[in-house]
Amino acid sequence: PDRGRLWVVTDQGLGTYDVEDGVFATVASPPAQLGALLDRPVQLAADAGGGLWLGHPRGLFFVSPTGGWASTPITEPILDLWRDDAGWLWIAASTGLIGRKPDGETLRYGAEHGLAVARPRLLAAAPGGGVLVVGEDGQGPLQPERVAGQLDRAGVGEVLALAVHGQLDEPPEEGSEDGEE
């Protein structure tokens, strides 16, 4: 892959920036049958081969290193993209988490696989490897204020930022068998 190349979306469209040469080049607009893809916020993930994965409210698209556009079978809204070191593309879609293997096979993950996040919103590298999935647990939006209050009572200090993976269970009540007195 071309390590000195950045993919950039501007108000003028999609382009690439060659860091070494300091040259910006525009990429042809998507073909008419794909529609206007840069009219809304998009998610970007560089492909190992120098191309670009573009997540959009209308699905997942691929742009080749030479600027050719292609749609994919993934047509639900894309909320985030992340490519791991093994070459997997992780996709936070409105319908759940999707993993795309380097060979192109896609796998959908959900509760039956131990994933408690029903509506992923953010993907990142997990400590120790793997993918960190942040979102909603299917029981409604997470309540960061409740968690921050629990952490404050536990004496961890002021909570400045919070990211949650999985389902938040209610803590045991004070005085119960599992709680402290």
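Conventions and cut-offs
Residues numbered from 1 in each chain as written. Predicted model: local features only at pLDDT ≥ 70, side-chain atom pairs only at ≥ 80, totals over all residues. Heavy atoms only, no water. Helix = DSSP H or I, 4+ residues; strand = E, 2+ residues; numbered from the N terminus. Buried < 20%, exposed > 50% of the residue type's maximum accessible area, 1.4 Å probe, protein only. Contact = heavy atoms within 4.5 Å. Areas by Shrake-Rupley, 256 points an atom, 1.4 Å probe, with all protein chains shown as cover. Pairing = 2+ DSSP bridges. Axes fitted to C-alpha atoms, helices over the stretch in contact; angles between N-to-C directions. Core = buried A, V, L, I, M, F, W, Y, C linked by side-chain atoms within 4.5 Å. Salt bridge = Lys/Arg side-chain N within 4 Å of Asp/Glu carboxyl O.

(A) Up close: the overall build of the protein chain. For the protein chain, the helix and strand inventory stands at 1 helix and 13 strands. By the burial criterion, 34% of the 181 residues in the protein chain qualify as buried. When contacts within the protein chain are restricted to residue pairs at least 6 apart in sequence, those whose partners lie at least 24 apart make up 31%. On the protein chain, roughly 11000 Å² of surface is accessible, and the fraction owed to carbon and sulfur atoms is 50%.

(B) Broad picture of the environment of arginine 58. Considering the arrangement of structural elements, one finds arginine 58 in the loop between strand S5 (52-56) and strand S6 (59-63). Residue arginine 58 is classed as partly exposed on the basis of its relative accessible area of 36%. Distance in space between the C-alpha atoms of arginine 58 and glutamate 76 is 5.9 Å, their sequence separation being 18 residues.

(C) Representation of the sheet that holds strand S7 (residues 69-71). An order of S4-S5-S6-S7 is seen for the 4 strands of this open sheet, with the pairing classed as antiparallel. Looking at strand neighbours, the two that pair on one side only are strand S4 (43-46) and S7, the edges of this open sheet. Going across the sheet, the axis of each strand differs from the next one's by a mean of 25°, ignoring polarity. Looking at chain direction, S5 and S6 are connected through 5 bridges and run antiparallel.

(D) Quick look at the nonpolar core. Counting 11 residues, the largest nonpolar core consists of Ala45, Trp53, Leu60, Phe62, Ile74, Ile78, Leu81, Leu89, Ile91, Ala93 and Ile98. Elements represented by at least two residues in this core include exactly S6, strand S8 (78-83) and strand S9 (89-93). Of all the elements, S9 adds the most residues to this core, at 3 residues.

(E) Fine view of the pairing of S5. Counted residue by residue, S5 has 5 buried out of 5 residues, so it is predominantly covered. Burial along S5 is two-sided: Leu52, Leu54 and His56 and Trp53 and Gly55, pointing in opposite directions, are all buried. In the sheet, S4 pairs with S5 via 4 bridges, with the strands oriented antiparallel. Opposite glutamine 43, over in S5, you have glycine 55 as the bridge partner. Once S5 ends, the chain turns through 2 residues before running back antiparallel as S6.

(F) View of the sheet that holds strand S1 (residues 5-10). What the 3 strands build is an open sheet, ordered S1-S2-S3; its pairing is antiparallel. The open sheet is flanked by S1 and strand S3 (23-26), the only strands paired with a single partner. Direction aside, the axes of adjacent strands within the sheet are offset by 30° on average. Of the strand pairs in this sheet, strand S2 (residues 13-18) and S3 are connected by 4 bridges, and their pairing is antiparallel. What sits directly across from threonine 16, in S3, is alanine 25.

(G) Broad picture of the pattern of salt bridges. Inspection of the entire model under this criterion finds 2 salt bridges. Across the pair arginine 108 and glutamate 76 runs a salt bridge, and its minimum N-O distance is 2.7 Å. Within this pair, whereas arginine 108 is found in strand S11 (residues 106-109), its partner glutamate 76 is found in the loop between S7 and S8, the two being separated by 32 residues in sequence. You can call arginine 108 partly exposed: its relative accessible area is 47%. In this structure, lysine 101 engages glutamate 105 in a salt bridge whose closest nitrogen and oxygen atoms are separated by 3.0 Å. Using a relative accessible area of 36% as the deciding quantity, one classes glutamate 105 as partly exposed.

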